[in-house]
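Given next are the chains, with one letter for each unit.
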Amino acid sequence: MSDQSSEPKIDLADVPGDGETSVATDDSAWAFSPEREQRYQEIVRRYPTNFSAIMPTLWLCQEEWGWLRPSIPEWVAERLDVPLSRVYEIITFYTMYYTEDPGRYNLQVCRTASCHIMGAQKIVSHIKERLGVETNQTTDDGMFRLEEVECLGACGMSPMMQVGKVYHENLTVQKVDELLEKWRNDG
Amino acid sequence: MADCPLILSANFDKADSHTLAVYERDGGYSALRETLGKTTPEQLREEVKNSGLRGRGGAGFPAGVKWGFVPQDTGKKIYLLVNADESEPGTFKDRFILDYDPHLMIEGSILASYAINSGHCFIYIRGEYAWLVDRVQAAVDEAYAAGLLGRDILGSGYSLEMIVHRGAGAYICGEETGLINSLEGRKGQPRIKPPFPAVVGFLDCPTIVNNVETLAAVPWIVNNGAAAYTAIGTEKSPGTKLFSVSGPLKRPGVYEIPLGMPLRDLIFGEDYCQGMAPGVELKACIPGGSSVPILTAEETMSANCCYESLAEHGTMLGSGGAIVIGHETNMVELLKVLLQFYHHESCGQCTPCREGTGWLDMIVDRLLQGRGRPADLELLEHVCEGMIGNTICVLADAAVMPARSFIEKFKNEFEALLPEMEEPQDYVPTTSAAELPH
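**A short note on the nonpolar core**
Move 1: Core analysis: the biggest nonpolar cluster contains 155 residues, and Y94 and Y97 of chain A together with I110 of chain B have the highest contact counts within it.
Move 2: When sequence neighbours within four positions are dropped, the list of residues in contact with Y97 of chain A reads M55, L58, W59, Q62, L68, I90 and I91 of chain A together with A168 of chain B.
Move 3: L263, M276, A277 and L295 of chain B belong to the second-largest nonpolar core, a separate cluster that totals 26 residues.

Given below as structure tokens:
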């Protein structure tokens, strides 16, 4: 289906990570911003099959709406004309597609080999204590979430964590405190 | 070693090294200009074959030989897939090429595509390297704008489409057939070989999957010739390699070294890691990424960084991700961390791996909790025996190799956790051990 003409029924500006979820009641409620719609069209034109295009399309959705909100998978399946099961195959196998709100700042601390050797658990314990959360929990204000993840390829700069697109490397407890302080102030 | 040319990392320290302007200023894309219209794909394949360049992702298969497996008469499209799904624990070398010299990889990829007569290339970058996806996309856009990609490259009549594809967090997609399935829009579960991807790969078409670092060596080989490349390194391990070294060191990082250099020089050499951090003593080293057998300190001091010497020491060069371990690290805890990684990353397709990685993880976990049983080391070996060689891909083997070598070489640390007598133990897996694989 073509969404070029349909009006977005949700306010895109305040969607990502705002806590209250705007649930689309019918599939036509979702529409990419013009810039992402253009990127979507290019993906469909360049990828050899629509199945191959599922991953990049889901990435576009996640960029647009923060996470894969209910009925987005259905919308993607319909737009790409692929079975919904194939979209869920991707969403459930890969760890980076979110079907629930990952929070404003999702602290993904690497726990694998080199980071473990260099004190990843000290960082994890410190964050737990500071934020009063356990691993895979979000703070009550929806601001921070703590995750322990597998090797992120920053072994020589360990310990480290990823927040959004950014790698924070050579972490110390002081550095973590400074970052948490900064993000609190930024809101 | 100072006289060894830098083939892969020459541009890393330059300002704006990621831009086309800087890359071309210092001779970039000259290999491509010298090749298109002047050298046939067969000649290029032959040159790379003669250079002895081996796959740098971990398997070490000769790249030119692999290219030669592509059937040229099927009438089907031929694909080149660039494996930038760097996820092996201890490995962070491709990241430096993607970040500081993306055009080197792109030029190598165009040359490789030309060599196998491919008109379609995908660069599959791990999802977590989000900023590198942007970086590489910008470089690809520059190359398109300069006529180095797309239709009729540099007026040669050769055309190539290049697409940057972002993964989404699955270690197994670094396995070449897992990567192919992922790119086809499926779970990244590996395929049974044969048929090999060179014959039946992406969309059932002939497909070559090469690691970023392998491709990055191709422009230099074209510019300087196969003989110059084989003059570096050892007979069986020609050329240079990037080693990513991590752990409690004075100067961990990514270093390009001629293959065959002693591992102790990499760890203690002034030009490299400069030794252990103050107060830390070398205890062990995993030389090639977490999936290869571990070396004791003594073995580390006598091994050389090349395929044959590491094989003699019972381990492998792998990806060149050297994890250096200090005397303070508890080996049982470290093994537990590695096993939980493999447990988490097992794709779930083969029973020995899906169940075996979980059992290894949980048995070591209960040892650490003080709830082990007297025969647990035999039990671990029994599980390893059931896993190794019994699965479609080598992820199971990759879990078994550290497990076996850790227990063999640091047995006292494991035995210290064994109870003397069997008694009923209530064991509850920790959160991480209880995670179900996907």
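Now that the structure has been shown, the text picks up again.
**As for helix α3 (residues 72–80) of chain A**
All names here are of chain A.
Move 1: Burial within α3 is extensive, with 7 of its 9 residues counted as buried.
Move 2: Within α3 the residues assigned to the buried category are I72, P73, W75, V76, A77, R79 and L80.
Move 3: As for α3, its buried residues are in contact with α1 (34–46), α2 (54–65) and α4 (84–93).
Move 4: At the C-terminal side of α3, D81 shows a positive phi close to 55°.

**Things to note about the state of the cysteines**
Move 1: A complete count under the given rule lists 0 disulfides over all chains for this structure.
Move 2: Free of any disulfide, C61 of chain A has its nearest cysteine sulfur in C173 of chain B, 19 Å distant.
Move 3: C350 of chain B takes part in no disulfide bond, and the closest cysteine sulfur, belonging to C347 of chain B, lies 6.2 Å away.

**Describing the pattern of salt bridges**
Move 1: Evaluated as defined, the whole model comprises 36 salt bridges over all chains.
Move 2: For R46 of chain A, the salt bridge identified is with E42 of chain A, shortest N-O distance 3.6 Å. You can see R46 of chain A and its partner E42 of chain A sitting in helix α1, 4 residues apart, about one turn around the helix.
Move 3: Residue classification places R46 of chain A among the buried residues on the basis of a relative accessible area of 19%.
Move 4: Judged by relative accessible area, which is 36%, E42 of chain A ranks as partly exposed.
Move 5: One salt bridge in this structure joins E24 of chain B and R33 of chain B, with 2.9 Å as the shortest N-O distance.
Move 6: On the basis of relative accessible area, E24 of chain B is assigned to the partly exposed category, the value being 29%.
Move 7: Overall, the relative accessible area of 39% leaves R33 of chain B in the partly exposed class.

**What to know about the packing of helix α15 (residues 331–345) of chain B against helix α18 (residues 395–409) of chain B**
All names here are of chain B.
Move 1: It is the contact of α15 with α18, at a shortest axis distance of 10 Å, that shows an interaxial angle of 170°. Relative to α18, α15 is oriented roughly antiparallel. Residue-level contacts link M331, L334, L335, L338, L339, Y342 and E345 of α15 to L395, A398, A399, P402, A403 and F406 of α18.

**Here we look at the sheet that holds strand β7 (residues 282–286) of chain B**
Residues and elements named next belong to chain B.
Move 1: Spatially, 5 strands are ordered β6-β5-β9-β7-β8 in an open sheet, and the strand pairing comes out mixed. For this open sheet the edge positions go to β6 (253–258) and β8 (295–296), each flanked by a neighbour on one side alone.
Move 2: Looking at chain direction, strand β5 (residues 240–246) and β6 are connected through 6 bridges and run antiparallel. Each residue of the ladder has a partner; that of L242, found in β6, is E256.

**Notes on the confidence of the model for chain B**
Move 1: Residues with a pLDDT of 70 or more make up 97% of chain B, whose mean pLDDT is 95.
Move 2: Note on the complex model: pTM 0.93, ipTM 0.94.

**Brief notes about the domain arrangement of chain B**
Residue and element names in this part refer to chain B.
Move 1: Taken domain by domain, chain B holds domain 1 (20–229), domain 2 (242–326) and domain 3 (331–415).
Move 2: Relative to domain 3, the C-alpha centre of domain 2 lies at a distance of 23 Å.
Move 3: Considering only the surface of domain 2 that becomes buried against domain 3, K283, S291 and I294 emerge as the three largest contributors, covering 46% of it.
Move 4: A salt bridge links K283 to E413, with the shortest nitrogen-to-oxygen separation between them at 2.8 Å.
Move 5: Linking domain 2 with domain 3 are 6 residue pairs in polar contact (both at pLDDT 80 or more), by the criterion used here.
Move 6: Breaking the side of domain 2 that touches domain 3 down by element, the ones donating at least two residues are β7 and β8.
Move 7: The greatest single-element share of the side of domain 2 that touches domain 3, amounting to 3 residues, is contributed by β7.

Criteria and thresholds
- Residues numbered from 1 in each chain as written.
- Chains lettered and ligands numbered in written order.
- Predicted model: local features only at pLDDT ≥ 70, side-chain atom pairs only at ≥ 80, totals over all residues.
- Heavy atoms only, no water.
- Core = buried A, V, L, I, M, F, W, Y, C linked by side-chain atoms within 4.5 Å.
- Buried < 20%, exposed > 50% of the residue type's maximum accessible area, 1.4 Å probe, protein only.
- Contact = heavy atoms within 4.5 Å.
- Helix = DSSP H or I, 4+ residues; strand = E, 2+ residues; numbered from the N terminus.
- Disulfide = S-S within 2.5 Å.
- Salt bridge = Lys/Arg side-chain N within 4 Å of Asp/Glu carboxyl O.
- Axes fitted to C-alpha atoms, helices over the stretch in contact; angles between N-to-C directions.
- Parallel < 35°, antiparallel > 145°, perpendicular 65-115°, else oblique.
- Pairing = 2+ DSSP bridges.
- pLDDT = per-residue confidence, 0-100.
- Domains from an automatic or database assignment.
- Buried area = accessible area lost by both parts, 1.4 Å probe.
- Polar contact = N/O pair within 3.5 Å; in protein donor to acceptor, adjacent residues only side chain to side chain.

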